[in-house]
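# Coordinate inspection notes
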Amino acid sequence: EEEEEEMRKVFNEAETTTTPATTTTTRKVKMAKRQPSLNNDDENIDNSSSSSSSSSSFTSQFRAQFKRIFLPDGFPNTVSRDYLPWLKWQMLSLFFRDVLEVLSAQSLLVAVGMDVNQANAAAPVAGAAKWVLKDGTGGLATLALGALNTKKFDENPKFFWSTANSLEDVSRAMELLTPLFPSHFLLIAGTATFVRSAALTGRSSLINGTFMTHFSRNENAGDIRTKLEVQGRWLQIAALPVGIALFRAVTNGLELDFATNSLGQEMKGVTVGVATYGSMLFAHSFCCYMAAKSLNFETLSRKRALIQAKTFVESNGKNVLSVEEVSDVEGVWWSKEEKYLKACKLGVAPDVVSGNDWEAFERVRENVFANENFVANVVRDLTRTTKEDNNNTDDDIIVACMLTNDAGVRDVLSASLVVSKLMMTMKQQQQNNLMSLLKDALLFAKANVETFELQLKETGFRVDVIQTGDAPRFEIVENDDDIL
């Protein structure tokens, strides 16, 4: 029994010493089996990292090439801050314009073809002659535009650029209607070409002049204009198949509906065509409006100077608006301060300032503005007061100011402060002493014009030039007791 107990002890000791070894060996085997899988994961990570790096390299190269082809060199540091927001809407508007151009061109061809089928053997020659004649009216439109006072373009570019785009939409709509009136092709197409040529001339003048001057920050207007041309060509290519597909879809639908000889189906086809073309016109107009709205001009104009002067006067000379805030107030088609701006006439003729009372004009000039390069006065708006309407109201009261030939930027800024101060004083208190009002306004302007100019400069506005558009300038010459 003692021998059996000794054998069990030996066996148990052997079992306990073997188990850890076995366990250790098993763990080592398991570790050895896991090791290759870890090596495979490392290889996969290396492969994925190399593929991602090559993909990111390709993306960066693509972006670099895209910027080199479509954007000005040094973008965005060589253009104004509003260039990219404007460009996005501008490219969308160009795409819809190009689609409309394809649609209108095919409509004109259809109109000529319908007319040709109804004519004799000489019809092809007549059709070609009509096509040439319709384009000839474009030259007349350019000449007519040149006879207008285009100084206003630089002073209010957003309004006139939007107007030009709207006129182009009108011309496209006329061309789209030519298939419905083939016998009047020359009249409709010629009129449409006349309107479109005037619109394109005005728009191109603004883009090549005012817009390029505004966008460029490194004397790179040529580079910016070239890249706009490149963008436009690519959009033309993209718009071509879209325009052709839309035209075919609409015309095929119309032919199918007319073939049913059902009035309801015919109206349905016409409705689809009008909705399709109308949506393109609306999309183009909307994008043009948003592009114009995104523009923030740092150059002062009479309107922007008056908007800033109003803010400055109301804050008692403490602050002015930023460039973006002024742009928002200025608007595109009309301003948020339209009523105020209509009552403030900065840069008008002497007869407006005098209110046709030249003796009063002379007293104001001699007693208040004798040493200034401008003359301001509170008068009634003669354009709104008629002979039949003797019930004059406060709505007819305006503040008018004329500029002399020697009026510089600071003089115009002072004049805007005088005008705004007069408007605010007239609203806040009723004073019958006009001379006192004028003198107080002039004193305020003289005391604050330097601060006003400094604040404008700090907010990003240029103070070296101011756009006065078609504002007339005059020289006051005293000859004995008369003023010429």
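The structure displayed is predicted, hence computed values, not measured ones.

## A few points about the environment of Lys303
Locating Lys303 in the fold gives a position in helix α9 (residues 302-314). Residues Lys303 and Lys345 lie 42 residues apart in sequence; the distance between their C-alpha atoms is 9.7 Å. Apart from residues lying up to four places away in sequence, Lys303 is in contact with Asn156, Glu330 and Leu341.

## Focus on the nonpolar core
The nonpolar side chains of a soluble globular protein tend to be buried with one another. Counting 58 residues, the largest nonpolar core has Phe369, Phe374, Leu417, Val418, Leu422, Phe452 and Leu456 as the members making the most contacts within it. Considering every element that reaches this core, the biggest residue donor is helix α14 (residues 409-428), with 10 residues.

## What about the packing of α9 against helix α10 (residues 323-330)?
Direction vectors running N to C along α9 and α10 enclose 110°, while the axes themselves pass 10 Å from each other. One element, α9, and the other, α10, form an angle in the roughly perpendicular class. When α9 is examined against α10, the residues Lys303, Arg304, Ile307 and Gln308 are found in contact with a partner set consisting of Val326, Val329 and Glu330. Residue composition of the contact of α9 with α10, grouped by class: three nonpolar, one polar and three charged.

## Digging into the environment of Glu362
On the secondary structure map, Glu362 appears in helix α13 (residues 358-367). Taking relative accessible area as the criterion, Glu362 reaches 26% and is therefore assigned partly exposed.

## A short note on the side chain of Glu453
With respect to the helices and strands, the residue Glu453 is situated in helix α15 (residues 434-458). On the accessibility criterion, Glu453 (17% relative accessible area) is buried. Separated by 2.8 Å, the side chains of Glu453 and Arg410 make a polar contact. Those residues in contact with Glu453 that sit more than four places away from it in its chain are Arg410, Leu413 and Val463.

## Quick word on the pattern of salt bridges
Scanning all chains against the criterion turns up 22 salt bridges. One salt bridge connects Lys158 with Glu330, and the closest N-O pair in it is separated by 3.8 Å. With Lys158 in helix α5 (residues 157-176) and Glu330 in helix α10, this residue pair connects regions lying 172 residues apart in the sequence. There is no split in this pair, since Lys158 and Glu330 are both buried. Ionic contacts of the salt-bridge type, sharing partners, join the residues Arg97, Asp98, Glu168, Arg172, Glu175, Arg196 and Arg203 into one network.

Conventions we followed
Residues numbered from 1 in each chain as written. Predicted model: local features only at pLDDT ≥ 70, side-chain atom pairs only at ≥ 80, totals over all residues. Heavy atoms only, no water. Helix = DSSP H or I, 4+ residues; strand = E, 2+ residues; numbered from the N terminus. Contact = heavy atoms within 4.5 Å. Core = buried A, V, L, I, M, F, W, Y, C linked by side-chain atoms within 4.5 Å. Buried < 20%, exposed > 50% of the residue type's maximum accessible area, 1.4 Å probe, protein only. Axes fitted to C-alpha atoms, helices over the stretch in contact; angles between N-to-C directions. Parallel < 35°, antiparallel > 145°, perpendicular 65-115°, else oblique. Nonpolar A, V, L, I, M, F, W, Y, C, P; charged D, E, K, R; others polar. Polar contact = N/O pair within 3.5 Å; in protein donor to acceptor, adjacent residues only side chain to side chain. Salt bridge = Lys/Arg side-chain N within 4 Å of Asp/Glu carboxyl O.

Taken by themselves, the reported measurements are silent on function.
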